[in-house]
Amino acid sequence: MEGKGAYNRSSRVQAAGSLPAVPLLVQAARAVPLPPPSQVVNIADYGASEGRNSMQPMAQAIQAFRERAGLAWPIVVHHTDLPANDFSALFQTLATDPASYLRHDHAAFATAIGRSYFEQILPAGSVTLGWSSWAIQWLSRTPAAIPDQVQVAFSRDPAARTAYALQAADDWKQFLTMRSRELCRGGRLVVLTMATDDTGDFGYRPLLEAIYAALGALVDSGLIRAEELQRMAIPTVGRTKAQFAEPFARDGHFEDLSIEHLEVFHGEDHIWAQFEADADAPAFGAQWAAFTRASVFPTLAEGLDDGARDSRFAAFLDRLEAAVAARLAIAPARMTIPLAQMLFVKE
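About the criteria used
Residues numbered from 1 in each chain as written. Predicted model: local features only at pLDDT ≥ 70, side-chain atom pairs only at ≥ 80, totals over all residues. Heavy atoms only, no water. Salt bridge = Lys/Arg side-chain N within 4 Å of Asp/Glu carboxyl O. Helix = DSSP H or I, 4+ residues; strand = E, 2+ residues; numbered from the N terminus. Buried < 20%, exposed > 50% of the residue type's maximum accessible area, 1.4 Å probe, protein only. Pairing = 2+ DSSP bridges. Right-handed = clockwise from strand over helix to strand, strands pointing away. Polar contact = N/O pair within 3.5 Å; in protein donor to acceptor, adjacent residues only side chain to side chain. Core = buried A, V, L, I, M, F, W, Y, C linked by side-chain atoms within 4.5 Å. Contact = heavy atoms within 4.5 Å. 1 Å grid on protein atoms, 1.4 Å probe; cavity = no way out; pocket = protein on both sides within 12 Å on 5 of 7 lines; lining within 4 Å. Points joined across faces, edges and corners; volume = space filled by probe spheres on them. Nonpolar A, V, L, I, M, F, W, Y, C, P; charged D, E, K, R; others polar. Expected span 1.5 Å × (residues − 1). Arc of directions from axis to C-beta. Axes fitted to C-alpha atoms, helices over the stretch in contact; angles between N-to-C directions. Parallel < 35°, antiparallel > 145°, perpendicular 65-115°, else oblique.

Novice: Explanation requested: the pattern of salt bridges in the structure shown.
Specialist: Oppositely charged side chains may form a pair once their charged atoms are brought near each other. Inspection of every chain in the model, using the stated rule, returns 15 salt bridges. Among the salt bridges present, the one from glutamate 182 reaches arginine 179, with a minimum N-O distance of 3.1 Å. One end of the pair is glutamate 182 and the other is arginine 179, both in helix H6 (residues 158-182) and 3 residues apart, which spans about a single turn. Accessibility expressed as a relative area gives 1% for arginine 179, which makes it buried. Where arginine 334 meets glutamate 276, a salt bridge forms, and the shortest distance between an N and an O atom there is 3.9 Å. Of this pair, arginine 334 sits in the loop between helix H13 (313-330) and strand E8 (338-346) while glutamate 276 sits in helix H10 (residues 270-278), and the two are 58 residues apart along the sequence.

Novice: How do you make sense of the pairing of strand E3 (residues 108-114) when you look at a structure like this?
Specialist: In regular strands, side chains alternate between the two faces of the sheet. Pairing of strand E2 (residues 75-81) with E3 involves 7 bridges; the strand directions are parallel. Looking across to E3, one finds that valine 77 is bridged to alanine 110. Following the backbone out of E2, through helix H5 (residues 87-96) and into the adjacent parallel E3, one traces a crossover that is right-handed.

Novice: How should I be thinking about the side chain of serine 132 in this particular structure?
Specialist: Counting through the fold element by element, serine 132 comes out in strand E4 (residues 127-133). A polar contact of 3.2 Å, which involves the side chain of serine 132, links it to the backbone oxygen of tyrosine 46.

Novice: Could you clarify how one ought to interpret the nonpolar core in this entry?
Specialist: The biggest cluster of nonpolar side chains holds 98 residues, and the ones touching the most others in it are Leu215, Trp288, Leu300, Phe316 and Val324. Each residue touching valine 324, except ones within four places of it in the same chain, is listed here: Leu207, Ala210, Ile211, Ala214, Ala289 and Phe297. Among the nonpolar cores identified, the runner-up in size contains 8 residues, and Leu139, Tyr164, Ala168 and Val237 belong to it.

Novice: Would you take a moment to explain the layout of surface pockets for this structure?
Specialist: One simple way to see leftover space: roll a probe sized like a water molecule over the atoms. There is about 440 Å³ of room inside the second largest pocket. Along the walls of the second largest pocket sit 24 residues, with Ala165, Thr196, Val237, Gly238 and Gln243 positioned nearest its centre. Ranked by residue count, the leading element in the lining of the second largest pocket is H6, at 7 residues. Classifying every residue of the lining of the second largest pocket gives 11 nonpolar, 7 polar and 6 charged.

Novice: How should H13 be read in this particular structure?
Specialist: Given 3.6 residues per helical turn, the α-helix brings residues three or four places apart onto the same face. The end-to-end C-alpha separation of H13 is 26 Å, in line with the 26 Å expected for 18 residues at 1.5 Å each. Along H13, the residues classified as buried are Phe316, Leu317, Leu320, Val324, Ala325, Leu328 and Ala329. Tucked inside the fold, the buried residues of H13 contact helix H7 (205-221), helix H11 (281-295) and helix H12 (297-301).

Novice: Looking at this structure, I do not really get the pairing of E4. What am I missing?
Specialist: With respect to burial, E4 is a largely interior element, 7 of its 7 residues being buried. Pairing geometry for E4 and strand E5 (residues 183-194), over 6 bridges, is parallel. From the neighbouring strand, valine 127 faces E5, where its bridge partner is leucine 183. Regarding topology, H6 serves as the crossover connection from E4 to the parallel E5, and that connection is right-handed.

Novice: Even after reading the chapter, I still don't get unusual backbone geometry, so can you show me in this structure?
Specialist: Glycine aside, negative phi is the norm for most residues, and most peptide bonds take the trans geometry. Here tryptophan 134, not a glycine, exhibits a phi torsion of approximately 55°, which is positive. Tracing the backbone through its elements, the reader meets tryptophan 134 in the loop between E4 and H6. At glutamate 255, a residue that is not glycine, the phi angle is positive and equals roughly 50°. Relative to the elements of secondary structure, glutamate 255 occurs in the loop between strand E6 (253-254) and strand E7 (257-266).

Novice: Help me understand the environment of leucine 90, please; the structure alone is not making it clear to me.
Specialist: On the secondary structure map, leucine 90 appears in helix H5. Under the relative-accessibility criterion, leucine 90 is labelled buried at 0%. Those residues in contact with leucine 90 that lie beyond four places of it in its chain are Ser49, Glu50, Gly51, His79 and Ala112.

Novice: In this structure, what is going on with H7? I would like to understand it.
Specialist: With 17 residues, H7 should cover 24 Å at 1.5 Å per step; its first-to-last C-alpha distance of 24 Å lies within 8% of that length. Residues of H7 that are buried: Leu207, Leu208, Ala210, Ile211, Ala214, Leu215 and Leu218. The buried residues of H7 occupy an angular sector of 155° when projected down its axis, which confines them to one face. Taken together, the buried residues of H7 touch helix H8 (226-231), H11, H12 and H13. Where H7 terminates, the next one or two residues include glycine 222, which has phi positive at roughly 90°.

Novice: Please explain the packing of H10 against H11 as it appears in this structure.
Specialist: Where H10 meets H11, the closest approach of the two axes is 9 Å, and the angle between their N-to-C directions is 170°. Overall, the two elements H10 and H11 adopt an arrangement that is roughly antiparallel. Of the residues in H11, those touching H10 at Ile271, Trp272, Gln274 and Phe275 are Ala281, Phe284, Gln287 and Trp288. Of the residues assigned to the contact of H10 with H11, the class counts are 6 nonpolar, 2 polar and no charged.

This is the structure:
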C-alpha cells in the first residue's frame, strides 16, 4: 500500500464491495456468546490498512452488541495489519472520521497491531468476533515470477499458475488455523475477499491489461528495464467457492471452525456507474488508476532494483498512474468484480 492516506482516499471500490458483508457481521455480533459482565468483548479487524473502510462495519457490530447488552461490556477493536502499514493514518481516521465508532461509544476502545494474519496475533480464545475485508486475497509471499503478466489470473504460464494455486491453498489453511486459535468458543469470523466466479473469471481484465501495457511502455521509454518488469507481480489470488470450502470438505469442519455462510457474488462497479451518469472518460480512468496506485503500485515497485528506495520510485508511481488512466479513458468498460463473503463459527 502507498500509505500517507492514499488508500483511504482511493478505496472506493473496496468500500462498496464490503457493504454486502456488513449484515453478516451484524448477524454474527447478535449470535456470539457474551463474556460475563464487565469483561472485555474483543473484536479483531484483520487487514485494517488505513482504517477508513473499517469504521462502518465496526460501528454496526458494536451497535449490535449494545442492543443486546447495553454498556455493561467494554469493547476493544484490535486493528491489525503488516508492520509496514501506515498506522498513523489509521489513528487519524479513528480520531477524526465522523464515522469512527470512538466518536459515538465511550465504552469502545481501539488498539493497533503490526503483525501478519498468517501468524497468531491475539491470545488464544480471546476473540469474540473477527472481521477481514479485502485482505486475504494477498498471499504471504510471491511464489513465482509471472513471465507474461503481473496478475497470475491472466497468465498462460502453467508453472506460475500452479505455484500461485499451491500458495493460495496453504495460505488459506494457515489463515483459518490462526483465527481458530484466537476465537473463543462460539466466536464468529466474517471474511470478504476477492474471488473467482463460477465461470472462472477473476475480473478487472481491462484494468490489468492497461497496467501491463503501461509497464511495457515504461520499459520502452527507458524508465525501467525489462529485467525489472519480469520481477513485478501482484501476489493476489481470487479463490473459487470450491477452493474456499476445500479445507472443510472431509467432515464440514477445519480446526474447530465450520462454515455458516459462503457466497460468491459480483460487486458493483461504482466508478462505472458514475461514468454512465456523467460520461466523463478521463475521470473514469483517473479513479481506477488512483485505486490501483494506492493498492498495488508500491508492490509492483518492489521489482525496481532498489525497491521503494529506488531513486525512480516516485516517478514510477506517477508515470504508471498517468499511463493507466489514459489507457482506460480511451475505452471505458465496466469491471467485473467477483467477491466472496463468508461466516465461520468456532465450535
